[in-house]
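Secondary and tertiary structure notes
The primary structure of each chain is shown beneath.
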Amino acid sequence: MSKQYSYSDNDTETLTIDEEVIQIFAASLRGELINPDSPEYEEARTIYNAMIDKRPVLVAKCANVADVIASVNFAREQKMEVSIRSGGHNGPGLALVDEGLVIDLSSMNGVRVDPFSKTARVEGGCTWGDVDHAAHAFGLATVSGVISTTGVGGLTLGGGHGYLTRKFGLTIDNLLSADVVLADGSFVHTNKDKNPDLFWALRGGGGNFGVVTSFEYKLHPIKNVIAGPLFWPIDQVETTMKWYRDWITGKLFTPILLVEHISIL
Ligand SMILES: Cc1cc2nc3c(=O)[nH]c(=O)nc-3n(C[C@H](O)[C@H](O)[C@H](O)COP(=O)(O)OP(=O)(O)OC[C@H]3O[C@@H](n4cnc5c(N)ncnc54)[C@H](O)[C@@H]3O)c2cc1C
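Bear in mind that the values here come from a model prediction, so they are computed numbers and not experimental data.

Turning our attention to the site of the ligand. What surrounds the ligand is a group of 27 residues, the closest being I84, S86, G88, G151 and H161. At a separation of 2.9 Å, an oxygen atom of the ligand approaches a polar backbone atom of G154. Within the complex, 83% of the 950 Å² of free accessible area of the ligand lies under protein. More than half of the atoms of the ligand fall within 2 Å of the grid points belonging to the largest pocket. Contributions of two or more residues to the shell around the ligand are made by β5 (82-85), α5 (152-157) and β12 (211-218). The biggest single contributor to the shell around the ligand is α5, with four residues. Each residue belonging to the shell around the ligand can be placed in one class, and the counts come to 11 nonpolar, 15 polar and one charged. Here the shell around the ligand spans two domains, since at least three of its residues come from each of domain 1 (4-104) and domain 2 (111-221).

Moving on, we come to the side chain of S144. Take S144: it is sitting in the loop between β9 (140-141) and α5. A polar side-chain atom of S144 sits 3.5 Å from a polar atom in the side chain of D132. Beyond its immediate stretch of four places on either side in the chain, S144 contacts W128, D132, H161, G162 and Y163.

Side chains of I234, V237, M241, Y244, W247 and I248 sit close together on the surface and give an oily, nonpolar patch of about 600 Å² of accessible area. Tracing the chain through its elements places V237 in helix α8 (residues 237-248). V237 gets classed as partly exposed once you look at its relative accessible area, which sits at 42%.

The computed volume of the largest pocket comes to approximately 1,000 Å³. What lines the largest pocket is a set of 43 residues, and nearest its centre among them are V82, S83, I84, G207 and N208. Sorting the residues of the lining of the largest pocket by element identifies α3 (65-77), β5, α5 and β12 as the ones contributing at least two each. Along the lines of polarity and charge, the residues of the lining of the largest pocket split into 20 nonpolar, 17 polar and six charged. Taken domain by domain, the makeup of the lining of the largest pocket includes at least three residues from each of domain 1 (4-104) and domain 2 (111-221).

Here we take up the confidence of the model for the protein chain. The predicted model of the protein chain has a mean per-residue pLDDT of 91, with 93% of residues at 70 or higher. Predicted confidence is poor over residues 256-265, with pLDDT under 50, and the contacts of this stretch with residues over four places away or in other chains come to 18 contacts.

So, on to the environment of F138. Mapped onto the secondary structure, F138 falls in the loop between α4 (128-136) and β9. The spacing of F138 and A27 is 111 residues in sequence and 39 Å in space, taken between C-alpha atoms. Ignoring any residue separated from it by four or fewer positions in sequence, one finds F138 in contact with V113 and P115.

Procedures and definitions
- Residues numbered from 1 in each chain as written.
- Predicted model: local features only at pLDDT ≥ 70, side-chain atom pairs only at ≥ 80, totals over all residues.
- Heavy atoms only, no water.
- Near = heavy atom within 4 Å.
- Polar contact = N/O pair within 3.5 Å; in protein donor to acceptor, adjacent residues only side chain to side chain.
- Areas by Shrake-Rupley, 256 points an atom, 1.4 Å probe, with all protein chains shown as cover.
- 1 Å grid on protein atoms, 1.4 Å probe; cavity = no way out; pocket = protein on both sides within 12 Å on 5 of 7 lines; lining within 4 Å.
- Sits in = over half its atoms within 2 Å of the grid points.
- Helix = DSSP H or I, 4+ residues; strand = E, 2+ residues; numbered from the N terminus.
- Nonpolar A, V, L, I, M, F, W, Y, C, P; charged D, E, K, R; others polar.
- Domains from an automatic or database assignment.
- Contact = heavy atoms within 4.5 Å.
- Patch = residues over 30% accessible without salt bridge, like charges linked within 9 Å, V, L, I, M, F, W, Y side chains within 5 Å.
- Salt bridge = Lys/Arg side-chain N within 4 Å of Asp/Glu carboxyl O.
- Buried < 20%, exposed > 50% of the residue type's maximum accessible area, 1.4 Å probe, protein only.
- Points joined across faces, edges and corners; volume = space filled by probe spheres on them.
- pLDDT = per-residue confidence, 0-100.

Spelled out as structure tokens, the structure:
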């Protein structure tokens, strides 16, 4: 008798799946399918927040859009809960799911920069480091997060802000279009004219509307950003805040006044 894996359907029913069914699914993928017996399982269920300890039944390391469609169809047919993983930075660990299928996009990390139209087509598993690296070669950038390892997926779908926000708005203000696999396995393109409701929802509505396989961003001519968090000792709060209040309104021009107390991450 072949091995079976158990999982629950929204905590109401316990279901089982035969290893043969899993093997057929695995053979349909270009990427790897990881189960609790795979040597890669522990790494595949590890995300940024080390307090998260979820145990998926399967992790599909998708290599392309076809793998994403196959994964969505498989989960729907098997009544298996799904999570989508991009950079894995979400604090509560929404990139993972207990007893379900993780659609892991982290291998889908291609970026195509078009320096002539100043746009970039970015696969859904990219980190902001991937995007910045590709766009910087052309002296271009979009509004990314402040840490290079954050994923484009969760940050964009949550709105997104970073060092360029004061000049160019939120990340979603720079989103031009997206490719999405919906829950029925269909593939759609969305922008302000095509499937506009979906486009509106993606721009800040979170990750519940489908799997975004790629994002298209507007780029801006940016060569270097000199920025970073600044930290002062707590006992200097009053002096620092008074100085900052005057400096930000333009009353002072003394950018090096407190330099000896600054440490930059
Ligand atoms: C160190 C650190 C620095 C941060 N800095 C910033 C910052 O500068 N600016 C800012 O705005 N935010 C910042 N954040 C917050 C960050 O944007 C959110 O935690 C975001 O959810 C992380 O996205 P992710 O793709 O890495 O996470 P994940 O955990 O992979 O995904 C987060 C959520 O989005 C969903 N999702 C991810 N990708 C897709 C996709 N392609 N299609 C559909 N759903 C998807 C997931 O299912 C999950 O629900 C930071 C977080 C950390 C931990």
